[in-house]
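Reading the structure
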Amino acid sequence: MPKEDKPHAALLASPGMGHLIPIMELGKRMVTHHDFHVTIFFIASDHASATSLLKSSTLENLDIIALPSVDISGLVDPDAQLVAKLFVIMRESLPSLRSSIGAMKFRPSALIVDLFGSDAFEVAEEFGMLKYVFNTSNAWCLAVMFHSARIDDKFILEDHVKGQNSLEIPGCKSLSFRDTLESLRNIDRIDRPEFRGDKMTNSHGILINTWEDLESSTIEALRDNNLLGTILKVPIYPIGPLVRQDGNQVLDRQVKLWLDKQPIESVVYVSFGSGGTLSAKQMIELAWGLEQSQQKFVWVVRPPSNNALGTYFTISEDNVDGTPDYLPHGFFTRTKDIGLVIPTWVPQEQILSHPSVGGFLSHCGWNSTLESIMNGVPLIAWPLYAEQKMNAAMLTEDFEIAVRPTVSKTEEIVGRDEIEKMVRTIMVDKEGQAIKIRVKELKNSAEKALNKGGSSFNSLSQLARDCMFHLPP
């Protein structure tokens, strides 16, 4: 039960592991390092990974409350963009959030929401709570959202989308059309006033899952009243990197035994996140590319889909060696000495932290990106959707800790020879050695930011002080 002598913060997570994981890690860090009591609210889900994540925390001052799932079938078109559906889900969950907070004996003094939960600010205002937004992505993505909010949609459509010119961001890296956000690419078809960040300015501050040294110029631009600070008008709190670090999660015995047998930094881990999938043709090319590289690999395989967000369907198997019919005939047999294919979810942080893993072929979700950095593992950047192309651009062009494929303009397929080249680049070539050195430097920088006295530790400490001042007399 919350106590009157310490700050009590409520954290609200929108659906999706990419939102839930950083919210959970923020809550745990607030409890263990900054003497908060934290209540996390999330939308009930049957997703096995979400259930496992939420059950994994046993901290004394961390409460987790499931809000009932909501039916939005009559409120939004089935073909609507994912972001539109998330906003509706969060809005329809407000009555449950309001009643849950109202029933508390010691109510939270602050409410922290992710980018899709800003409608909950009306609940915070009713109960006299401080209001914060937690941007679970990086500072550059936030800068793009805020800057695009003050540009005429017609200009973005004509110059950036149709003209395919880069979008200039004051004080920050410019955004090429190749890497632009889906909300900008589809600006003539999406109503995006909330997603652009307009509501975030109606808060007491914005938390960002990054750290000062990683994005120093962008963070400075967000604070500078001559650049983007005049739009934000609220304090910025870089508090990252917050990544899942759960010792209770264990690798499957077969996977661990296989990894334990491999030389140090000899294995490339291949995964496209909790929901990402590839087309059938791309799956074939990826399989051949891994095989041709002759490098050790662990591949989390999901059945192919033409939708990058992924779907599951019934599959058949190769009668020869059990290879699924969407992989090359006999693939398991030919790669049995160098590869391990996993058809189910695995605890990614346990694989990335294993000494034998030396590369990560990733969809570049920000959680996965930070996990790779925190374990000093170079990346092959293979973005699929959302802001992942922006992340890939930063990883390759700014941080220089990744390589990125060249995609066929006619088919949008990464060929097997290109895949082989990228794997060998980060695993055995001279260029890969420089990448490994750089990513380990970033790992050290991240750890320094999180340690006591580091920039991210101090930033979250400031937020704790602000909440203490807001405690009832």
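Use the structure listed above.
Residues numbered from 1 in each chain as written. Predicted model: local features only at pLDDT ≥ 70, side-chain atom pairs only at ≥ 80, totals over all residues. Heavy atoms only, no water.

Scanning the chain for helices and strands turns up 19 helices and 13 strands. Taking the intrachain contacts of the chain between residues at least 6 apart in sequence as the baseline, contacts between residues at least 24 apart amount to 72%. Counting only carbon and sulfur atoms, one obtains 49% of the accessible surface of the chain, whose full area is about 20,200 Å². (Helix = DSSP H or I, 4+ residues; strand = E, 2+ residues; numbered from the N terminus. Contact = heavy atoms within 4.5 Å. Areas by Shrake-Rupley, 256 points an atom, 1.4 Å probe, with all protein chains shown as cover.)

Let us look at the nonpolar core. Counting 96 residues, the largest nonpolar core has Leu12, Leu97, Ile206, Leu222, Leu259, Tyr269 and Val298 as the members making the most contacts within it. Of all the elements, helix 6 (residues 139-149) adds the most residues to this core, at eight residues. Setting aside its immediate chain neighbours within four residues, Val298 contacts Trp258, Leu259, Val267, Val268, Tyr269, Val270, Leu340, Ile342 and Ile351. Val301, Trp382, Tyr385 and Met422 belong to the second largest nonpolar core, which has 28 residues in total. (Core = buried A, V, L, I, M, F, W, Y, C linked by side-chain atoms within 4.5 Å. Buried < 20%, exposed > 50% of the residue type's maximum accessible area, 1.4 Å probe, protein only.)

The next thing to look at is helix 1 (residues 17-34). An ideal rise of 1.5 Å per residue puts 26 Å on 18 residues; helix 1 measures up with 25 Å between its terminal C-alpha atoms. Counting buried positions along helix 1 gives 15 out of 18 residues, so the element sits mostly inside the fold. Within two residues after helix 1, Asp35 carries a phi angle of roughly 60°, on the positive side. (Expected span 1.5 Å × (residues − 1).)

Moving on: helix 4 (residues 94-102). Burial in helix 4 covers these residues: Leu94, Ser96, Leu97 and Ile101. Taken around the axis of helix 4, the buried residues stretch over an arc of 160°, which confines them to a single face. (Arc of directions from axis to C-beta.)

Let's shift gears to the pattern of salt bridges. Counted under the stated rule, the structure contains 18 salt bridges. Across the pair Lys162 and Glu158 runs a salt bridge, and its minimum N-O distance is 3.4 Å. Linking Lys162 with Glu158, this pair stays in helix 7 (residues 153-162), spanning four residues, or about one helical turn. On the accessibility criterion, Glu158 (40% relative accessible area) is partly exposed. Residue Lys440 pairs with Glu265 through a salt bridge whose shortest N-O separation is 3.2 Å. With Lys440 in helix 18 (residues 430-450) and Glu265 in the loop between helix 11 (253-260) and strand 8 (267-271), the pair connects residues that are 175 residues apart, well separated along the chain. (Salt bridge = Lys/Arg side-chain N within 4 Å of Asp/Glu carboxyl O.)

The full count for this structure, using the stated rule, is one cavity of 30 Å³ or more. Reported here for the largest cavity is a volume of approximately 60 Å³. Around the largest cavity, the lining residues are Phe272, Gly276, Thr277, Leu278, Met283, Trp299, Val300, Val301 and Arg302. Considering only residue class, the lining of the largest cavity consists of six nonpolar, two polar and one charged. (1 Å grid on protein atoms, 1.4 Å probe; cavity = no way out; pocket = protein on both sides within 12 Å on 5 of 7 lines; lining within 4 Å. Points joined across faces, edges and corners; volume = space filled by probe spheres on them. Nonpolar A, V, L, I, M, F, W, Y, C, P; charged D, E, K, R; others polar.)

The next point concerns the environment of Thr344. You can see Thr344 is positioned in the loop between strand 10 (339-342) and helix 14 (348-352). Considered as a pair, Thr344 and Val301 are 43 residues apart in the sequence and their alpha carbons are 7.4 Å apart.

This next bit is on the packing of aromatic side chains. Taken as a whole and judged by the stated rule, the model has seven aromatic pairs. Geometrically, the ring pair formed by Tyr132 and Tyr237 is edge-to-face, given 6.1 Å between the ring centres and 75° between the ring planes. Here Tyr132 is found in strand 5 (residues 130-135), whereas its partner Tyr237 is found in strand 7 (residues 236-238), with 105 residues between them in sequence. By relative accessible area, which is 1% here, Tyr132 ends up buried. For the ring pair Trp299 and Phe331, a centre distance of 6.1 Å and an interplane angle of 90° mean the geometry is edge-to-face. Of this pair, Trp299 sits in strand 9 (residues 296-300) while Phe331 sits in helix 13 (residues 331-334), placing them 32 residues apart in sequence. When its relative accessible area of 0% is taken as the criterion, Phe331 is described as buried. Taken together, Phe297, Trp299, Phe331 and Phe332 form an aromatic cluster joined through their ring pairs. Sitting over the face of the ring of Phe121, Lys131 holds its NZ or CZ atom 5.6 Å from the ring centroid. Lying over the aromatic face of Phe177, Arg185 brings its terminal NZ or CZ to 4.5 Å of the ring centre. (Phe/Tyr/Trp six-rings, centres within 6.5 Å; stacked < 30°, edge-to-face > 60°. Lys NZ or Arg CZ within 6 Å of the ring centre and 35° of its normal.)

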